[in-house]
Structures are given as structure tokens and as C-alpha cells.
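Next come the chains, spelled out residue by residue.
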Amino acid sequence: MNCLIITNGYGLADGILHQLKRLKEELTLRNISFDVIKNNKAIVFIDENGDLKSALKPYDFIIYLDKDRFVARSLEKLGYKLFNNALSIELCDDKMLTHIALANNGIKMPKTISSTLCYRDDGNRDIINDVIQNIGLPLIVKENYGSLGRQVYLINTKEELIEISNRLIHTPHLYQQFIESSKGIDYRIIVINHKVVAYMKRENKHSYLSNIAQGGTSSIVELPQAYLDTAIKCSVVLGLDYCGVDILQGKNNEPIVSEVNSNAFYEGIEKTTNINVAGAYVDHIINKIKNEHA
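Note that the structure is predicted; figures quoted are calculated from it, not measured. (Residues numbered from 1 in each chain as written. Predicted model: local features only at pLDDT ≥ 70, side-chain atom pairs only at ≥ 80, totals over all residues. Heavy atoms only, no water.)

**Brief notes about the nonpolar core**
Residues I5, F61, Y242 and V277 are the most contacted members of the largest nonpolar core, which totals 25 residues. Those elements giving two or more residues to this core turn out to be β1 (2–7), α1 (14–29), β5 (61–65), β11 (185–192), β12 (195–203) and α9 (277–292). When residues in this core are grouped by element, the largest group, seven residues, is from α9. Non-local contacts of I5, meaning those with residues more than four positions away in its chain, are made with L20, L23, L27, D35, V36, I37, I63 and L65. Core analysis: the next-biggest nonpolar cluster, separate from the first, contains 21 residues, C92, L228, A231 and L238 among them. (Core = buried A, V, L, I, M, F, W, Y, C linked by side-chain atoms within 4.5 Å. Buried < 20%, exposed > 50% of the residue type's maximum accessible area, 1.4 Å probe, protein only. Helix = DSSP H or I, 4+ residues; strand = E, 2+ residues; numbered from the N terminus. Contact = heavy atoms within 4.5 Å.)

**So, the packing of helix α3 (residues 86–93) against helix α4 (residues 95–102)**
Packing of α3 against α4 brings their axes to within 5 Å, and their N-to-C directions diverge by 110°. Relative to α4, the element α3 lies roughly perpendicular. In this structure, α3 contributes E90, L91, C92 and D93 to the contact, and α4 contributes K95, L97, T98 and A101. Residue classes in the contact of α3 with α4 are distributed as four nonpolar, one polar and three charged. (Axes fitted to C-alpha atoms, helices over the stretch in contact; angles between N-to-C directions. Parallel < 35°, antiparallel > 145°, perpendicular 65-115°, else oblique. Nonpolar A, V, L, I, M, F, W, Y, C, P; charged D, E, K, R; others polar.)

**Some points on the pattern of salt bridges**
Applying the stated criterion across every chain, the model contains 20 salt bridges. In this structure, the salt-bridge partner of E25 is K21, at a minimum N-O distance of 2.8 Å. Taken together, the residues E25 and K21, both in helix α1 and four residues apart, mark about one turn of the helix. Owing to a relative accessible area of 32%, E25 belongs among the partly exposed residues under this scheme. The salt bridge involving E90 is made with R69; its shortest N-O contact spans 3.8 Å. Of this pair, E90 sits in helix α3 while R69 sits in helix α2 (residues 69–77), and the two are 21 residues apart along the sequence. Owing to a relative accessible area of 18%, E90 belongs among the buried residues under this scheme. Since its relative accessible area comes to 30%, R69 is described here as partly exposed. Beyond isolated ion pairs, a larger network of salt bridges with shared partners links K21, R22, E25, E26, R30, E270 and D283. (Salt bridge = Lys/Arg side-chain N within 4 Å of Asp/Glu carboxyl O.)

**Structural notes on the packing of aromatic side chains**
Under the counting rule described, the total for this entry stands at four aromatic pairs. Summarising the aromatic geometry, the rings of Y187 and Y227 are spaced 5.6 Å apart at their centres and angled 85° between planes, so their arrangement reads as edge-to-face. With Y187 in strand β11 and Y227 in helix α7 (residues 225–238), this pair connects stretches of sequence that are 40 residues apart. The class of Y227 is buried, set by a relative accessible area of 1%. When the centroid spacing of 5.8 Å and the interplanar angle of 85° are considered together, the rings of Y242 and Y266 count as edge-to-face. Taken together, the positions of Y242 in strand β14 (residues 242–249) and Y266 in the loop between β15 (255–261) and α8 (267–273) put the pair 24 residues apart, joining distant regions of the chain. On the basis of relative accessible area, Y266 is assigned to the buried category, the value being 1%. A network of ring pairs unites the aromatic residues Y242, Y266 and Y281 as a single cluster. We note R167 situated over the ring of Y153; from NZ or CZ to the ring centre the distance is 5.5 Å. (Phe/Tyr/Trp six-rings, centres within 6.5 Å; stacked < 30°, edge-to-face > 60°. Lys NZ or Arg CZ within 6 Å of the ring centre and 35° of its normal.)

Right, dumping it as C-alpha cells:
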């Protein structure tokens, strides 16, 4: 077998570099040859006859460590097998699309309202009063696109909400209930092939953000089955081969889904749990490809 790993072309975070290192190690151990390119080198184009084309050679599969939905969709249309698939990546990359996709599936989430898209600087701000009336204060504002705990804001007053709304007026964002019972705490659950492989608790005693990148720490914890079942259901609904589901703790200890990450990093979860997450992902991909060609 041979595979291609595609990363972002405009600088790689430490987490992605570690992902790449671990995937190379696990692929090599399984005698899988691989190439690595950046997404801006995976040139896919539509020619003057309207035909989609690419100079890439054939691969048994592509591990897509990026979020560029246009390249992903184009490669799939050309017949390449992507992990994760293009639609799943797109649904997870946009936080509002994630919540919409998960809605009406018996999955608890914070009360969430999408910002209305605005194309003029004098956009109407009436939504602010509706947000406060329906969600209350304090609340969370999230940009639809973001990672590592960035682009997330805790808002305590109407004045702060107006200020952030003005600042993000041309940026897709959402307004979300602040789960006080889970302040600075969440649970990262890794799901591969709709099975829980590893999970950990993340906690930050100095911030409302639990992300390790924001100063949080991780630890091994036992979780109720309801948390694991919720993470699995998210992976099924979103059609993910691999994901990290971030779950908050409700006031009655019920699982509340915060986010789903289609390219959740390996480093923190592997160090905390001593579970070979990268290897489990590679094994799943190999088995799926073999079964599809059996």
C-alpha cells in the first residue's frame, strides 16, 4: 500500500508536526510507503473543458491533516479515498455546522445561537437582545473557525457582547450558553471507527478554557458510559473515521457536547493514557481499505 499525507501549506502548529511524526512512525512499522505534501502543492484544477484534473499520482488512501474543503472535495471527486472524508472535515471545521448536524439526535449541547451574517458595517444589532434573553449572561462567543482554545471569548456584560459582536461582524461566529458546572474542565474522547479508543480529563484552574494549549493539564479519569456513548454517537452522525469529542460536565453530571475535532492531536492523549492512538488510526485505515477491496 502507499498513501499520501496532506498538511496545511502555510505553517504547521506543533500539534500537527507531532501528528505527522507519529503517523510516519506507525506507517513505517506497517510497511506502508508514504509521501507528504502541503495542500498548496496538491494542485487540483478545472480545465478549459470543464474537467477536474490533478497531477497527483495514484494512492491507496490520503490522510488529510488539513481543513481545506475545496481541495478535499476535489480529490474525492477524482476518486481518492480520504481520511477523514471531505464532508466530515467540513462539518467539524465550522462549529455552527457541527451543532446543526448533531441537532435532533438526542445529543445534549449548550444552548447555541448562530450570529447572522453581515455584509455591511452598519449591520443591525437587534440580535444582541435576543441572545441575552434566550441564553443569559455570562455566555460564550466562539468564532466558527478556530482551534486550540483560540477564538473563544467569555462574555459577562451586554457591553462586552456588543463590543465583540462589532469586532466579529464580518466573521462567522456563534453565541453559546456558558456551562458553569464545567468551568475550566472538559473530557477529550478519541473515537476511531465508532469505537472509543482513549479519553482523558482536561482541567485549567486558572481559566474557563480547559485546552492544554491554554495552560490546562490532563489526567486519566473514569467516565460514565453515557459520555462514551455520546462521543460514539457524534462520530456516527458526522461520519467520522477518527475524531476527538470534547464533552462538558453538566450540573447533574450529564454529558454536554462542546466540540468535535476531525484532526484531534495525538500528543496529549498518548502521553496521558499511554495508548497508541496514531497506531490505532493507521490500523483502522488499512483494514478499511483492505475490506473495501476484498
